[in-house]
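Descriptive analysis of the structure
Here's the letter readout for the chains.
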Amino acid sequence: MNTDLIKKTANTVRGLSIDAIQKASSGHPGLPLGMADVTTVLFNEHLKFNPKNPKWFDRDRFVLSGGHGSMLLYSLLHLYGYDLSLDDIKQFRQWHSKTPGHPEVQDTDGVETTTGPLGQGLANAVGMALAETILAAKYNTDTEIINHYTYVTAGDGDLQEGISHEVCSFAGHNKLGKLIVFYDSNHITIDGDTKLSFTDDTKKRFEAYDWQVIEIDGHNYNEINEAIKKAKSETEKPSIIICKTTIGFGSPNKAGTHDVHGSPLGEEEIILTKENLNISTEKFYVPDEVYEFTKQKIKKGKEFEEL
């Protein structure tokens with residue numbers, strides 16, 4: 001794994017996300033800034049997909065349960081070759097655009113399910129993992145036809161919802177070993193610190209559901225990569241990777257606070273954030289080396305499908 005280029009790609013995701021949100025004067029920069037490292041490692045090193053055939057049946061599924069952080073997904077889809085141009089990114093939250101405020105499955109290639117209400121995407125992902133298990137049991141007789149993982153990012157808001165308790169209990173009971181959840185554990189909600197409303201012990205909760213629980217630094221590329229490997233190797237239990245992250249990572253004045261959750265950073269803070277991340281302050285800038293780097297994974301998509 002080339003950690004230098006992974007870092008440049010993740011920071012490009014951050015730059016595109018905060019620029020699009022600022023241009024729209026609306027959006028949620030905290031999640032894209034905080035989870036860019038985790039999701040870039042996933043897309044580049046593990047996710048099985050072919051952007052030129054986004055409906056390929058045996059692709060891995062990736063669900064962004066916190067749909068308010070949609071610019072994270074849109075930035076990744078653009079960089080990894082889906083039919084989502086830089087102009088589409090610039091049209092974030094505009095009428096009839098491919099980049100609505102929350103991901104809509106019918107509007108954008110690469111979006112696996114519409115995610116609006118918190119907890120919904122996590123529940124959909126459990127259903128996808130169940131479908132994979134059932135289809136594999138039915139059709140993988142003489143040869144392997146069905147073999148893919150379902151990945152989902154979920155935050156504190158998702159885990160507070162009642163539906164998350166039901167579906168995660170169901171997933172553990174049914175041993176959905178190809179379900180992998182990334183829990184964005186940043187201890188911040190739109191109202192402030194989670195201690196105001198959410199003091200569950202998430203590790204103990206998921207151990208009680210009979211899940212594999214892995215805890216990592218969500219900004220350490222090697223820890224992220226090894227955690228995904230470990231999760232994929234556990235076939236009898238679903239896995240939750242508790243990613244200790246900083247909401248608004250990179251923002252000098254707003255990181256780690258609820259101020260970065262649901263409002264644009266502001267032009268001055270964007271410049272400071274980009275300088276802090278050591279990326280260009282030019283708006284909607286993607287370095288050529290990042291495009292060249294992600295192109296390697298795009299080329300592998302067809303190879304994945306032909307295996």
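Model, not experiment: these values are computed from the prediction. (Residues numbered from 1 in each chain as written. Predicted model: local features only at pLDDT ≥ 70, side-chain atom pairs only at ≥ 80, totals over all residues. Heavy atoms only, no water.)

1. Section: the overall build of the chain
- The secondary structure content of the chain amounts to eleven helices and seven strands.
- Relative to the compact-globule value of 19 Å for 307 residues, the chain shows a C-alpha radius of gyration of 18 Å, a close match.
- With the C-alpha coordinates aligned to their principal axes, the bounding extent of the chain is approximately 55 × 45 × 35 Å.
- The buried share among the 307 residues of the chain stands at 55%.
- Pairs at least 24 apart in sequence give 75% of the contacts found in the chain among residues at least 6 apart.
- Computed over 32 positive and 45 negative side-chain charges, the inter-centroid distance for the chain is 3 Å. (Helix = DSSP H or I, 4+ residues; strand = E, 2+ residues; numbered from the N terminus. Rg over C-alpha atoms; globule rule 2.2 N^0.38 Å. Buried < 20%, exposed > 50% of the residue type's maximum accessible area, 1.4 Å probe, protein only. Contact = heavy atoms within 4.5 Å. Lys, Arg positive; Asp, Glu negative; His and termini not counted. Charge placed at Lys NZ, Arg CZ, Asp CG, Glu CD.)

2. Let's talk about unusual backbone geometry
- Of note in the backbone geometry, Arg93 takes a positive phi value of approximately 70° without being a glycine.
- Checked against the element boundaries, Arg93 lands in the loop between α4 (86-90) and α5 (120-139).
- In this structure, Lys175 takes a positive phi of about 55° despite not being glycine.
- Among the secondary structure elements, Lys175 is positioned in the loop between α7 (162-173) and β3 (179-185).
- Since its relative accessible area comes to 43%, Lys175 is described here as partly exposed.

3. A short note on the pairing of strand β7 (residues 239-244)
- Counting buried positions along β7 yields five of six residues, so the element is predominantly enclosed.
- The sheet contact formed by β3 and β7 spans six bridges and is parallel. Across the sheet, the residue bridging to Val181 is Ile240, located in β7.
- With six bridges joining them, strand β6 (residues 212-217) and β7 adopt parallel strand pairing. Across the sheet, the residue bridging to Gln212 is Ser239, located in β7.
- Considered for its hand, the β-α-β crossover made up of β6, helix α9 (residues 221-233) and β7 is right-handed. (Pairing = 2+ DSSP bridges. Right-handed = clockwise from strand over helix to strand, strands pointing away.)

4. Comments concerning the packing of aromatic side chains
- For the structure shown, the criterion picks out ten aromatic pairs.
- Between the aromatic rings of Phe49 and Tyr80, the centroid separation amounts to 6.3 Å while the plane-to-plane angle is 85°, which identifies the pairing as edge-to-face. Taken together, the positions of Phe49 in the loop between α2 (30-46) and β1 (61-64) and Tyr80 in the loop between α3 (70-79) and α4 put the pair 31 residues apart, joining distant regions of the chain.
- Note on Phe49: relative accessible area 1%, which makes it buried.
- Of the residues examined, Tyr80 reaches a relative accessible area of 0% and is grouped as buried.
- Ring centres of Phe49 and Tyr82 lie 5.8 Å apart, and the angle between their planes is 20°; on these two criteria the pair is classed as stacked. Placement of the pair is Phe49 in the loop between α2 and β1 and Tyr82 in the loop between α3 and α4, with a sequence separation of 33 residues.
- Joined through ring pairs, the aromatic side chains of Phe43, Phe49, Phe62, Tyr80 and Tyr82 make up one cluster.
- One cation-aromatic arrangement involves Arg61 over Phe57; the distance from NZ or CZ to the ring centre is 5.7 Å.
- Its guanidinium or amino end placed over the ring of Tyr149, Lys232 lies 5.7 Å from that ring's centre, counting from NZ or CZ. (Phe/Tyr/Trp six-rings, centres within 6.5 Å; stacked < 30°, edge-to-face > 60°. Lys NZ or Arg CZ within 6 Å of the ring centre and 35° of its normal.)

5. So, the nonpolar core
- Formed by 49 residues in total, the largest nonpolar core has its most connected members in Phe43, Leu72, Tyr151, Phe182, Ile228 and Ile241.
- With eight residues, the top contributor of residues to this core is helix α1 (residues 3-24).
- Apart from residues lying up to four places away in sequence, Phe43 is in contact with Phe49, Phe62, Leu73, Leu76, Leu77, Tyr80 and Lys297. (Core = buried A, V, L, I, M, F, W, Y, C linked by side-chain atoms within 4.5 Å.)

6. As for the state of the cysteines
- One pass over the full model with this rule turns up zero disulfides.
- Cys243 provides the cysteine sulfur closest to Cys168, a residue in no disulfide bond, and the two sulfurs are 15 Å apart.
- By relative accessible area, which is 0% here, Cys168 ends up buried. (Disulfide = S-S within 2.5 Å.)

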